[in-house]
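Letter by letter, the chains look like this.
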Amino acid sequence: MALSSILQDLSQLTAEGRGQAKKTQHIGVGADQLAQVGPWLAEAQPGKSHLLVCDAHTKVAAADALLGHLRSAGLTASVHVLQPRPGEDHVMCADEEIAALREHLAPTPHVNAIAVGAGSVNDIVKMATAKLDRPYQCVATAASMNGYTSAIAAVLSRGVKRTLPAQQAQAVFADVDVLRKAPAYLNLAGFGDLLSKPYSNADWRLSAFVRGVPYEERPAKLLDTAFDALLDAASSVGKAEADGIELLAATIILSGFTMAIAGTSAPASGGEHLVSHYWDMEQHCHDLPLRGLHGTQVGIATLMSAMLFERLVTLEQDDIDPEAAATRIRDASYLDGLAQRHRGLTPAVVDEVRAQIEAKQKTGPALRDELAAVKAQWPEIRATLKDTLMPSARMRDALAAAQAPSKPSALDVGREHAVRTLTVCREIRSRYVAMDLIADLGKLPTWAAEVVDAVEA
Ligand SMILES: [Zn+2]
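Calculation criteria
Residues numbered from 1 in each chain as written. Predicted model: local features only at pLDDT ≥ 70, side-chain atom pairs only at ≥ 80, totals over all residues. Helix = DSSP H or I, 4+ residues; strand = E, 2+ residues; numbered from the N terminus. Rg over C-alpha atoms; globule rule 2.2 N^0.38 Å. Buried ≥ 20, exposed ≤ 12 C-beta atoms within 10 Å, placed from the backbone. Contact = placed C-beta atoms within 7 Å. Domains from an automatic or database assignment. Pairing = 2+ DSSP bridges. Core = buried A, V, L, I, M, F, W, Y, C linked by C-beta atoms within 7 Å.

Q: Is there a simple way to explain the overall build of the protein in this structure?
A: Secondary structure assignment for the protein yields 21 helices and 8 strands. Here the C-alpha radius of gyration of the protein, 22 Å, is about what a compact globule of 457 residues would show, namely 23 Å. The proportion of buried residues among the 457 residues of the protein is 53%. Nonlocal contacts in the protein, meaning residues at least 24 apart in sequence, comprise 80% of its contacts between residues at least 6 apart.

Q: So what exactly am I meant to see when it comes to unusual backbone geometry here?
A: Backbone phi values are negative for most residues with the exception of glycine, while trans is the configuration of most peptide bonds. Of note, the phi angle at Asp 133 is positive, near 60 degrees, even though the residue is not glycine. Along the polypeptide, Asp 133 turns up in the loop between helix H5 (119-131) and strand E5 (137-140). By C-beta crowding, Asp 133 is classed as exposed, having 10 other C-beta atoms within 10 Å. At Asp 287, a residue that is not glycine, the phi angle is positive and equals roughly 55 degrees. Tracing the sequence through the fold places Asp 287 in the loop between helix H12 (271-285) and helix H13 (294-312).

Q: Would you mind going over the domain arrangement of the protein with me for this structure?
A: Where interface size is given, it is often the accessible area lost as the parts come together that is meant. Annotation of the protein at the domain level lists domain 1 (2-182) and domain 2 (200-221 + 262-456). When each unit is reduced to the centre of its C-alpha atoms, the spacing between domain 1 and domain 2 is 31 Å. The partner domain 2 presents 16 residues to the 14 residues of domain 1 that form the contact. When contributions to the side of domain 1 that touches domain 2 are tallied by element, the ones reaching two or more residues are strand E6 (152-157) and strand E7 (160-165).

Q: Looking at this structure, how should I read the pairing of strand E4 (residues 111-117)?
A: As a general feature of sheets, a regular strand has side chains that alternate between the two faces. Most of E4 is tucked away, with 6 of its 7 residues classed as buried. In this sheet, E4 lies alongside strand E2 (residues 49-55) in parallel orientation, the contact comprising 5 bridges. Pairing of Leu 52 across the sheet is with Ile 114, part of E4.

Q: I tried to follow the nonpolar core on my own but got confused; where do I start?
A: Judged by nonpolar contacts, the single largest core of 150 residues is most densely connected at Val 53, Val 116, Ala 140, Ala 249 and Ile 253. Each of domain 1 (2-182) and domain 2 (200-221 + 262-456) gives at least three residues to this core. Once residues within four sequence positions are removed from consideration, Ala 249 is found in contact with Val 29, Ala 140, Ala 143, Ala 174, Val 176 and Leu 179.

Q: I tried to follow the pairing of E7 on my own but got confused; where do I start?
A: The sheet contact formed by E6 and E7 spans 6 bridges and is antiparallel. Bridge pairing in E7 links Ser 157 to Val 160. Linking E6 to E7, which pair antiparallel, is a turn of 2 residues; within it Arg 158 sits at a positive phi near 50 degrees.

Below you can see the structure in the form of structure tokens.
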């Protein structure tokens, strides 16, 4: 039931994008999708020669088989394998990798690039082709993240994890048989990434109240049915059953669309994402492999974020004290100790962080005025947040049913480190989130410690 309604929404969304550059025109989710790629390309990209961009893992998972399909459909095609950096297992999507692929593609405008992979492979091809003003298509090898149909990419740029403007894949093919064979932790990561939806949406709605950020209802509404169905299907996803994986794939594709519709990652990326980005940045600063996949980290962070929100909505109007906040954060001295707070980052990256936090942190009278407005509207803000949120217990149950990690310690993040991450990660992005309000109210360090203790208990 839910699946057919999601597929219907997807076909409506592709119809809206048809004929527009940088928009998704076709979605194929289900069995035997690898065989559908050739006929679609023959019609949509006639006369092109096709380059299947993959990594060593996705070459085996799908690119080799796809190459056979394309050649037997009479198309010209070859494979280009992206390499990880020395000492890394996985390809990274950073400035250097994007530039290398762009330079590889630039001299051959008749070559059509197809990303055969998931997170990093998709993002590298997405960015490189967007910079060349060419479309690309994606053959998904795992339901591990929601970037296939988003118009942005997650890039490690100058040491900071940033979401940069790019383009949607022109077509996405998600072959359920390929996805089911992906390592379990990849599909579980996609599941974890999607869990953030109620909380990122709550952050977005809060930022509309506090900072006047434009908010749209359609993205969250589109995901409502899919999200509930997915929570119910958690154990099926965990067992990589066809039904669960197909629902997961359709939902991540829909989730990508919600970001494209909104023109921002806000519907799918709030404070919980900053936790994951933060851990990635720390690892990168020390040339260490990532602790976990994006979605795995987001799933863990979502549970903590849910608990922070639960505390926030218990506040009464009288608990908001604008004067006290303005006295505590009176001027730019809040930047003192920035390097100490971010001691896991290198000085150059701390400078980037400084620019992000300076762009959003209010101080003194400006902070007092902002919080006075929040206080005045608090009954309405609180009711809106309550309406948007889901109980943290539901997230904990869903993670458990899917057998996905749910604690920072599962990623080797100790208590002090996890508490510090929750306390400072808001500083790495200029977008306003609930953690900012909680910090301005002086409650973030205490609540962060409580929340970490609760999830680890
Ligand atoms: Zn995400």
